[in-house]
Amino acid sequence: MRASLAEAHTKSDAFDYVVDAIAAGLMPAQSDALRQLFKDNGAREPTIIWSPEPQELLQPGLSRFASVCDKLSDRNGRITETTFDLERFGGLADWLMLVAPDVDGYRYLYYGAGIADHYGRDMTGQTTAEFGGHIQTFFEAVYRAAAARFERVLTEHEPPLSVFVRCWRRLVVPVLTEDGRETAFFAVINLPENELRAGLDLISEQVFVLDADQVVYYANTAARSSFALAASRAPGPTMLQLTGIDLGPLPPLSDIFTDTRLADRVELSLVAGITERRRIMVSAAEHRGRLYYVVMIQPLEV
């Protein structure tokens, strides 16, 4: 049976209402300031999703964190100081932060070892003021909004280029005071995404990632173990300063990357009175639109 004209108008009006609502959300508005903030600092606009659904939590770690938070929540979906228990998160604790309001912004009461490793610094006891610039502004704005709304928020943002991470995905969960009237602190899972780093950590050879000035941005697990390097270390030392290995002048990054050439040599060195022979291979890789040297060191039998 054909729908009546009135029914057709009703369905059309409902559809138009939905389209208008979505269109309004796509129009430039308050998010312009955030987009401009990151654009001015050479990064793309962050993604922000309030009260994310399970299918929007793209990483298993995010889903597991949300599941534990659900179990700690009351019937209204809220967690209080008295019910929060860090031990309930198990291995996820390496990727958790506890962040509390402070006169200097927000203070990190707890900062997971995994985050510190990727960021290059343990921020426990420090505040968001230490970041400075657009990152401080973004972090404090997100925490302030989450506190005002008593609502979970999922964010994805690009860090400064000095941090060897493609993007950070965070799920921010307000933990309320016992009376439920204000936010005591935030429980935050902060997961890095970096396809290049993840792959390099899986291989047994020692690998370093350097910029054009041979400043070390990243050393994989094998390299840190072989050279007794601390896991948490911000970029700063050069390859020579950090390891004693002099790579000498290297071909321009653009040449190695474009021609997929490989600088390859074998050298002998004296370490603690023992002669060591190693093969050093230098290639190039792109990360967030920037080229880096990838130095692979393979110990050889003398």
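Below is a short write-up of the structure. Position numbers for residues count from 1 along each chain, tracking the sequence in the order it is written. A pLDDT threshold of at least 70 governs which residues receive local features in this predicted model, and a stricter bar of 80 or more applies before side-chain atom pairs are shown or counted, although totals over entire chains, interfaces and linings include all residues. Side-chain metrics in this entry use all non-hydrogen atoms of the structure; hydrogen atoms and water are not considered.

### Re the overall build of the chain
Rules: For helices the rule is a DSSP run of H or I covering at least 4 residues; for strands it is a run of E covering at least 2, with both sets numbered from the N terminus onward. Buried residues are those whose accessible area, probed at 1.4 Å on protein chains only, stays under 20% of the maximum for their type, while exposed residues exceed 50% and partly exposed ones sit between those limits. The contact rule is simple, with two residues in contact once any of their heavy atoms fall within 4.5 Å.
Within the chain, the secondary structure is distributed over nine helices and twelve strands. Within the chain, the proportion of its 302 residues that are buried is 41%. Contacts spanning at least 24 positions in sequence make up 50% of the contacts within the chain whose residues lie at least 6 apart.

### Structural notes on the pattern of salt bridges
This is how the line gets drawn: Any carboxyl oxygen of Asp or Glu within 4 Å of a side-chain nitrogen of Lys or Arg constitutes a salt bridge here.
Counted according to the given criterion, the structure contains ten salt bridges. Close ionic contact of Asp117 with Arg224 constitutes a salt bridge, the shortest N to O distance being 3.8 Å. Taken as a pair, Asp117 in helix H4 (residues 113-119) and Arg224 in helix H7 (residues 221-226) lie far apart in primary sequence, 107 residues in all. Taken as a pair, Asp117 and Arg224 share a single burial class, namely buried.

### Digging into the pairing of strand E6 (residues 167-176)
Defined as follows: When DSSP finds two or more bridges between two strands, those strands count as paired.
Burial within E6 is extensive, with ten of its ten residues counted as buried. Note: E6 against strand E7 (residues 183-193), ten bridges, orientation antiparallel. Residue pairing across strands places Val175 opposite Phe185, the latter belonging to E7. Hairpin connection from E6 to E7: six residues lie between these consecutive antiparallel strands, with Gly180 at a positive phi of about 75 degrees.

### Focus: the packing of aromatic side chains
Which entries qualify depends on this criterion: Put simply, two rings from Phe, Tyr or Trp (the six-membered ring, in Trp's case) pair if the centres are within 6.5 Å, and we call them stacked under 30 degrees between planes, edge-to-face over 60, tilted for the rest.
Inspection of the entire model under this criterion finds 16 aromatic pairs. Here the aromatic cluster, defined as three or more aromatic residues joined through ring pairs, consists of Phe38, Tyr108, Tyr111, Tyr119, Phe131, Phe138 and Phe139.

### A closer look at the environment of Glu151
Note the cut-off: Throughout this description, a polar contact denotes any pair of N or O atoms lying within 3.5 Å of each other; where both atoms belong to protein, one of them has to be capable of donating a hydrogen while the other can accept it, and for residues adjacent in sequence the pair is counted only when both atoms sit in side chains.
With respect to the secondary-structure elements, Glu151 resides in the loop between helix H5 (133-149) and strand E5 (153-157). Classification of Glu151 by relative accessible area gives buried; the value is 18%. Sequence separation between Glu151 and Pro174 is 23 residues; the distance between their C-alpha atoms is 6.7 Å. Not counting chain neighbours up to four residues away, the residues in contact with Glu151 comprise Trp50, Ser51, Ala146, Val172 and Pro174. Within polar-contact distance, the side chain of Glu151 engages the side chain of Arg149 at 2.9 Å.

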